[in-house]
Amino acid sequence: MIVAVDGPAGSGKGTVTQILADRLNLWNFDTGATYRCVALMTIRKNFNLDEENKIIDEIDNLNIEFKKDNGIEKVFLNGEDVTKEIRSNEVTKIVSQVSAIIGVRLKMVEMQRKMSEGKDVILEGRDIGTYVFPNADVKIYLDATLEERATRRFKENREKGIECTYDEVLQNVSFRDENDKNKPIGALKMADDAVLVDTTNMSIDEVVKKMEEIIRAGGKK
Ligand code: DC
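Treat the numbers as computed from the prediction; the structure is a model and nothing was measured.

**Structural notes on the pattern of salt bridges**
Now for step 1: The tally for this structure, following the rule as stated, stands at 21 salt bridges.
Now for step 2: Note that Lys68 is salt-bridged to Asp22, the shortest N-O span being 2.8 Å. Within this pair, whereas Lys68 is found in strand β3 (residues 64–69), its partner Asp22 is found in helix α1 (residues 13–24), the two being separated by 46 residues in sequence.
Now for step 3: In this structure Lys68 comes out as partly exposed when scored by relative accessible area, which is 47%.
Now for step 4: When its relative accessible area of 52% is taken as the criterion, Asp22 is described as exposed.
Now for step 5: A salt bridge links Arg216 to Glu212; the shortest N-O distance between them is 3.0 Å. Of this pair, Arg216 and Glu212 are both found in helix α9 (residues 204–216), four residues apart, which corresponds to roughly one turn of the helix.
Now for step 6: Judged by relative accessible area, Arg216 falls into the exposed class, the value being 61%.
Now for step 7: A single salt-bridge network, built from bridges that share partners, covers Arg23, Glu212 and Arg216.

Here it is, written out as structure tokens:
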């Protein structure tokens, strides 16, 4: 069983897929976290964004794992817990550009398919229903207005202790929207057979309920 959940930054994917995964007994796979790990490696290795081949080659040395610790999802990069670091401003600033490098995408998509093998999984990202798993059993596209998404990210960052202003978040979300929509491969786009859920005026509970209905109906509205 493959459930593909796509949508722009701040559309609510992360929050609701975690709840749905627990409820429906699916493995929750945050594919954005894998691109964030590559961005973190790029910073740590002091690679410039135009040193594409160095970034692509270094991916072979990355071991990315997702583990639950006391019910909390954690991300490990080569054995180190990087859950918090991959959400830092530095990573967030460059992750969209890193994920636009074609060679990075090809390797990461292969990794994502391998990590999902043999599992019932709910994946969230930008290109899951269009590129990673075009034959997914259920495809949902979450959206919300830019301002609503920036407000959510701003609140989330503050709760996590990440320093930022609302304007910085708005600018970053808007920049990533543009960048994510214009990638040569795996651009952010709703799949033709996805169900659209506009979460702008919906609570988390309402979105979860709606998505559960869609999943139980096998991807129909
Ligand atoms: O979901 P997120 O904000 O953590 O994702 C970080 C970046 O990774 C985002 O700007 C776009 C990219 N991404 C992608 O290109 N494809 C995916 N399937 C998931 C994320």
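Still more to cover.
**What about the side chain of Arg126?**
Now for step 1: When you line up the elements, Arg126 lands in the loop between β6 (121–125) and α6 (128–132).
Now for step 2: Take Arg126: its relative accessible area is 15%, and that puts it in the buried class.
Now for step 3: Polar side-chain contacts of Arg126 include one of 3.2 Å to the side chain of Asp180.
Now for step 4: Those residues in contact with Arg126 that lie beyond four places of it in its chain are Asp6, Gly7, Pro8, Ala9, Lys13, Arg176, Asp180, Ala187, Leu188 and Lys189.

**Quick notes on the sheet that holds β3**
Now for step 1: Read from one edge of the open sheet, three strands run β3-β4-β5, paired in antiparallel fashion. Edge positions in the sheet fall to β3 and β5 (80–81), since each of these pairs with one other strand and no more.
Now for step 2: As paired elements, strand β4 (residues 72–77) and β5 share two bridges and run antiparallel to each other. Its bridge partner being in β5, Phe76 is matched across the sheet by Asp81.

**With respect to the sheet that holds strand β7 (residues 138–143)**
Now for step 1: Taken in spatial order, the five strands make up an open sheet running β2-β6-β1-β7-β8, and their pairing is parallel. Each having just a single partner strand, β2 (27–30) and β8 (195–198) make up the two edges of the open sheet. Direction aside, neighbouring strands of the sheet carry axes that sit 20° apart on average.
Now for step 2: Across four bridges, strand β1 (residues 2–6) lies against β7 in parallel orientation. Across the sheet, the residue bridging to Ala4 is Lys139, located in β7.

**Re the packing of α1 against α9**
Now for step 1: Following both chains from N to C, one finds α1 and α9 inclined at 55°, their axes separated by 10 Å at the closest point. Classified by the interaxial angle, the pair formed by α1 and α9 is oblique. Pair α1 / α9 crosses with right-handed handedness. Seen from α1, the contacting residues are Thr15, Val16, Ile19, Leu20, Arg23 and Leu24; seen from α9, they are Ile204, Val207, Val208, Met211, Glu212, Ile215 and Arg216.
Now for step 2: Broken down by class, the residue content of the contact of α1 with α9 amounts to nine nonpolar, one polar and three charged.

**Regarding empty space enclosed by the protein**
Now for step 1: Applying the stated criterion across every chain yields a total of one cavity of 30 Å³ or more.
Now for step 2: Roughly 30 Å³ of volume is contained in the largest cavity.
Now for step 3: Forming the walls of the largest cavity are Ala4, Asp6, Gly129, Lys139, Ile140, Tyr141, Met190, Ala191 and Ala194.
Now for step 4: Sorting the residues of the lining of the largest cavity by element identifies β1 and β7 as the ones contributing at least two each.
Now for step 5: Residues that form the lining of the largest cavity fall into these classes: six nonpolar, one polar and two charged.

Parameters at a glance
- Residues numbered from 1 in each chain as written.
- Predicted model: local features only at pLDDT ≥ 70, side-chain atom pairs only at ≥ 80, totals over all residues.
- Heavy atoms only, no water.
- Salt bridge = Lys/Arg side-chain N within 4 Å of Asp/Glu carboxyl O.
- Helix = DSSP H or I, 4+ residues; strand = E, 2+ residues; numbered from the N terminus.
- Buried < 20%, exposed > 50% of the residue type's maximum accessible area, 1.4 Å probe, protein only.
- Polar contact = N/O pair within 3.5 Å; in protein donor to acceptor, adjacent residues only side chain to side chain.
- Contact = heavy atoms within 4.5 Å.
- Pairing = 2+ DSSP bridges.
- Axes fitted to C-alpha atoms, helices over the stretch in contact; angles between N-to-C directions.
- Parallel < 35°, antiparallel > 145°, perpendicular 65-115°, else oblique.
- Left-handed = near helix turned anticlockwise from the far one by under 90°.
- Nonpolar A, V, L, I, M, F, W, Y, C, P; charged D, E, K, R; others polar.
- 1 Å grid on protein atoms, 1.4 Å probe; cavity = no way out; pocket = protein on both sides within 12 Å on 5 of 7 lines; lining within 4 Å.
- Points joined across faces, edges and corners; volume = space filled by probe spheres on them.

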